[in-house]
Amino acid sequence: MNLHTEKLQTEIEKRKTFAIISHPDAGKTTLTEKLLLFGGGIRTAGAVKNNKIKRSATSDFMQIEKQRGISVATSVMTFEYKGKLINILDTPGHKDFAEDTYRTLTAVDSVILVVDCAKGVEEQTEKLMNVCRMRNTPVIIFVNKLDREGKPPMELMDELEEKLDIRVRPLTWPIDMGMNFKGVYNLHEKNVYLFQSGKTQVEADRLLVDDLQSKVLDEKLGSSAKQLREDVDLIEGVYDQFSQEEYSQGTLAPVFFGSALNNFGVRELLETFLEIAPSPVKRETDTRFVEPQEEKFSGFIFKIHANLDPRHRDRIAFLRVCSGTFMKDRPFRHVRLGKNLRFTSPYNFMAQRKSVVDEAYPGDVVGLYDRGDLKIGDTLTEGEEFTFRGVPHFSPEIFKELINTDPMRSKQLDKGIAQLSEEGIAQLFIQDKGRRKIVGTVGDLQFDVINYRLEYEYGASCRFEPLSFAQACWITSEDPKKLKEFLRFKESKIAYDLEQKPVYFAETQWMLRTVIEDNPDIEFHFTSEFKTERATLPAR
Ligand code: G4P
């Protein structure tokens, strides 16, 4: 190994790039802040919190603007802890921005999924898990809010396994909950951490018990000691030992219990995470797999952020480094455009500050100033022609027709909506040879954002007319004749995405199912990247 490769290898092993995800309100923001405090990443609690859009403020544009501003700063949070470099990729808490979250998940190597112990698995938890499953992303589950009454832990374990469709293995176990919450038993280290509300846990709170029968447990835990012994017996009987391999393959999720608000169980989570979570791994492209250790740089864009100042058209593109070393000022190949680009002031996100970087390694995220060259999903390389897979568009859920209300400003409207869809705020579908524009999103809030930004950034004016579609599927067929026939026959329900791929719109899930059954030669896909996901609908 030469010095250069050795350095690259060390940098790769040092890095853990992940996202914390949850149904809104389960505690993602609180947990993120507590983890950052461990790394000394932020000095004041609340810095991440400001990034949230509260539900009550859904049409408060200032709030949206503020969120956009802060979310650039907190898009990636980097800190060092015990010799490791941790990159947390932030995901919007609001469910209306779920597609942004889904795409951010394409840029991480693992996730921590937060579940509220009283609510269990919620709608968004399941959707996020489905996205993780598409890429076999390793998942650690943190069951939060143990200081409140919740579902019995055994029941929660069954629910996690069933609804998330993944095998689970507890690594810590709660001793009572709610008002009586006493702490957690670490099944791996075989010790008990005692809970004290509002206090960061300290070594003195740790009870080492070589033997679960120890009298110390009865003294400290009272009657709960008996219950703990029974629980542990049951767990060891029911669950297999934790397997690193199965976790890495995304088929087994270790489970931790705690209370993010009280900073309880968070250190166990972080330390186990550092031990088991994968460092940057190989990634699939359309021609081959790319290993992070490869000497030549490659990476892809997973997020675009518009400049907050409408007088400046430049945007910030977030690049995930996948192999080799990214270097400032060096020309890199923009594969889609077939041209070279050079970045003079790329920056990273250490300690919440943007600072210019000279070099970045696999697992890192770099912010690039862009004047319109970059799109979500674009690949940059050191010359080789390939495109990273797995950065698809996801099927939107709400559809509205875009109506121009100021014909003198059509050009601005066209440009604005095209750029906003490149940023991933919405998806644009064109029907009737360009005469009809359909905008698809996952949440209503996005239409407010689009309207506002088209007006203030592009000087265009529009309104949205609701459409009664419930689902859009990309369609393909191995038989071009059959596809042509289908497109003609269903003309009123077909539109084209920005890459000219045909999309079929269905009014209801039931109708979609009928159309799928009636057209066995046509393939329907829920994401724009067909290899990964083929539409499967729940049984009737
Ligand atoms: P999110 O990002 O997943 O949406 O959740 P967030 O961390 O904002 O937490 C949602 C609410 O749950 C917050 O209360 C937060 O304080 C609370 N919470 C988080 N972890 C725990 C925990 O371990 N125990 C308890 N009891 N509560 C927890 P809020 O009232 O909505 O916000 P705030 O007014 O406290 O800021």
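K.L.:
Just give me the short version of the overall build of the chain, but keep the residues and values in it.
P.N.:
Looking only at helices and strands, the chain has 14 helices and 31 strands in total. Per-residue burial over the chain gives 55% buried out of 540 residues. Once local pairs closer than 6 in sequence are excluded, the contacts in the chain between residues at least 24 apart make up 71%. Entry remark: accessible area of the chain is about 23,900 Å², with carbon and sulfur atoms responsible for 49%.

K.L.:
Run through the nonpolar core, naming residues and quoting values.
P.N.:
Residues Ile-141, Leu-160, Leu-228 and Phe-326 are the most contacted members of the largest nonpolar core, which totals 81 residues. Considering every element that reaches this core, the biggest residue donor is strand E15 (residues 315–323), with six residues. Each of domain 1 (11–276) and domain 2 (283–381) gives at least three residues to this core. Not counting residues up to four positions away in its chain, the partners in contact with Leu-160 are Val-115, Val-121, Ile-141, Val-143, Asp-165, Val-168 and Val-255. Counting 26 residues, the second-largest nonpolar core is a separate cluster that includes Phe-18, Leu-31, Tyr-81 and Leu-269.

K.L.:
Please provide a residue-by-residue account of helix H11 (residues 410–423), values included.
P.N.:
For H11, built from 14 residues, the straight-helix expectation of 20 Å at 1.5 Å per residue is met to within 8% by its first-to-last C-alpha distance of 20 Å. Turning to H11, its buried residues are Leu-413, Gly-416, Ile-417, Gln-419, Leu-420, Ser-421 and Glu-423. Where H11 ends, the next residue or the one after it, Gly-424, has phi of about 90°, a positive value.

K.L.:
Tell me what's going on with the packing of aromatic side chains, and back it up with residues and numbers.
P.N.:
How two aromatic rings sit relative to each other is given by the distance of their centres and the angle of their planes. In the structure shown here, the tally under the stated rule is 25 aromatic pairs. With a centroid separation of 6.3 Å and 50° between ring planes, the pair formed by Phe-302 and Phe-318 is classed as tilted. Placement of the pair is Phe-302 in strand E14 (residues 298–306) and Phe-318 in strand E15, with a sequence separation of 16 residues. For the residue pair Phe-302 and Phe-318, the accessibility class agrees, reading buried in each case. Consider the rings of Phe-399 and Phe-505, whose centres lie 5.2 Å apart with planes at 85°: the pair is edge-to-face.

K.L.:
Before we move on, can you summarise the sheet that holds strand E2 (residues 76–81) with the specific residues and values?
P.N.:
Strand order in the open sheet formed by seven strands is E2-E3-E1-E4-E5-E11-E6, and the pairing between neighbours is mixed. This sheet does not close on itself; its edge strands, each paired only once, are E2 and strand E6 (167–170). Ignoring which end each strand starts from, the neighbouring axes of this sheet average 30° apart. In this sheet, strand E4 (residues 110–116) lies alongside strand E1 (residues 15–22) in parallel orientation, the contact comprising five bridges. Its bridge partner lying in E4, Ile-21 is registered against Leu-113.

K.L.:
An account of the pattern of salt bridges is requested, with residue identities and associated values reported.
P.N.:
Evaluation of the coordinates by the stated rule reveals 39 salt bridges. A salt bridge links Asp-116 to Lys-145; the shortest N-O distance between them is 3.4 Å. On the criterion of sequence distance, the pair formed by Asp-116 in strand E4 and Lys-145 in the loop between strand E5 (139–144) and helix H6 (153–164) is long-range, its members being 29 residues apart. No difference in accessibility class separates Asp-116 from Lys-145, as the two residues are buried. Of the charged contacts in the structure, one is a salt bridge between Asp-373 and Lys-339, with a shortest N-O distance of 3.2 Å.

K.L.:
If you had to explain the packing of helix H2 (residues 28–38) against helix H10 (residues 266–276) to someone new, which residues and values would you point to?
P.N.:
As a packed pair, H2 and H10 sit with axes 10 Å apart at the nearest point and diverge in direction by 70°. Taken together, H2 and H10 sit at an angle that is classed as roughly perpendicular. For the pair H2 and H10, contact is made by Leu-31, Lys-34, Leu-35 and Phe-38 and by Val-266, Arg-267, Leu-269 and Leu-270, respectively. When grouped by side-chain class, the residues that make up the contact of H2 with H10 number six nonpolar, no polar and two charged.

K.L.:
Account for helix H1 (residues 3–14), with residues named and values stated.
P.N.:
Along an α-helix, a turn takes 3.6 residues, which lines up residues three or four apart on a common side. In this model, H1 (twelve residues) spans 17 Å end to end at C-alpha, consistent with the 16 Å of a helix rising 1.5 Å per residue. When we look at burial in H1, the residues that qualify are Leu-8, Glu-11 and Ile-12. Looking straight down H1, one finds its buried side chains confined to an arc of 100°; they lie on one side. Buried residues belonging to H1 abut E1.

K.L.:
Outline the packing of H11 against helix H12 (residues 445–458), supporting the account with residue identities and numerical values.
P.N.:
A packed helix pair is summarised by two numbers, namely the angle formed by the two axes and the spacing between the axes. Orientation of H11 relative to H12, taken along the N-to-C sense of each, is 125°, at an axis distance of 10 Å. As summarised for this structure, H11 and H12 are arranged oblique, according to the angle between their axes. When the axes of H11 and H12 are compared, the crossing they make is right-handed. Across the interface between the two elements, Gln-412, Leu-413, Gly-416, Ile-417, Gln-419, Leu-420 and Glu-423 from H11 touch Ile-450, Arg-453, Leu-454 and Tyr-458 from H12. Of the residues in the contact of H11 with H12, the class split is six nonpolar, three polar and two charged.

K.L.:
Describe the confidence of the model for the chain, and please don't skip the residues or the numbers.
P.N.:
As a note on interpretation, predicted positions should not be read in detail where pLDDT is low. Considering every residue of the chain, the mean pLDDT works out to 85; 85% of them sit at 70 or more. When mean pLDDT is taken per element in the chain, E5 scores highest with 98 and helix H3 (residues 61–74) scores lowest with 55. Here residues 531–540 is a poorly scored stretch, pLDDT under 50, and it has 25 contacts once near neighbours within four places are set aside; other chains count.

Rules used throughout
- Residues numbered from 1 in each chain as written.
- Predicted model: local features only at pLDDT ≥ 70, side-chain atom pairs only at ≥ 80, totals over all residues.
- Heavy atoms only, no water.
- Helix = DSSP H or I, 4+ residues; strand = E, 2+ residues; numbered from the N terminus.
- Buried < 20%, exposed > 50% of the residue type's maximum accessible area, 1.4 Å probe, protein only.
- Contact = heavy atoms within 4.5 Å.
- Areas by Shrake-Rupley, 256 points an atom, 1.4 Å probe, with all protein chains shown as cover.
- Core = buried A, V, L, I, M, F, W, Y, C linked by side-chain atoms within 4.5 Å.
- Domains from an automatic or database assignment.
- Expected span 1.5 Å × (residues − 1).
- Phe/Tyr/Trp six-rings, centres within 6.5 Å; stacked < 30°, edge-to-face > 60°.
- Pairing = 2+ DSSP bridges.
- Axes fitted to C-alpha atoms, helices over the stretch in contact; angles between N-to-C directions.
- Salt bridge = Lys/Arg side-chain N within 4 Å of Asp/Glu carboxyl O.
- Parallel < 35°, antiparallel > 145°, perpendicular 65-115°, else oblique.
- Nonpolar A, V, L, I, M, F, W, Y, C, P; charged D, E, K, R; others polar.
- Arc of directions from axis to C-beta.
- Left-handed = near helix turned anticlockwise from the far one by under 90°.
- pLDDT = per-residue confidence, 0-100.

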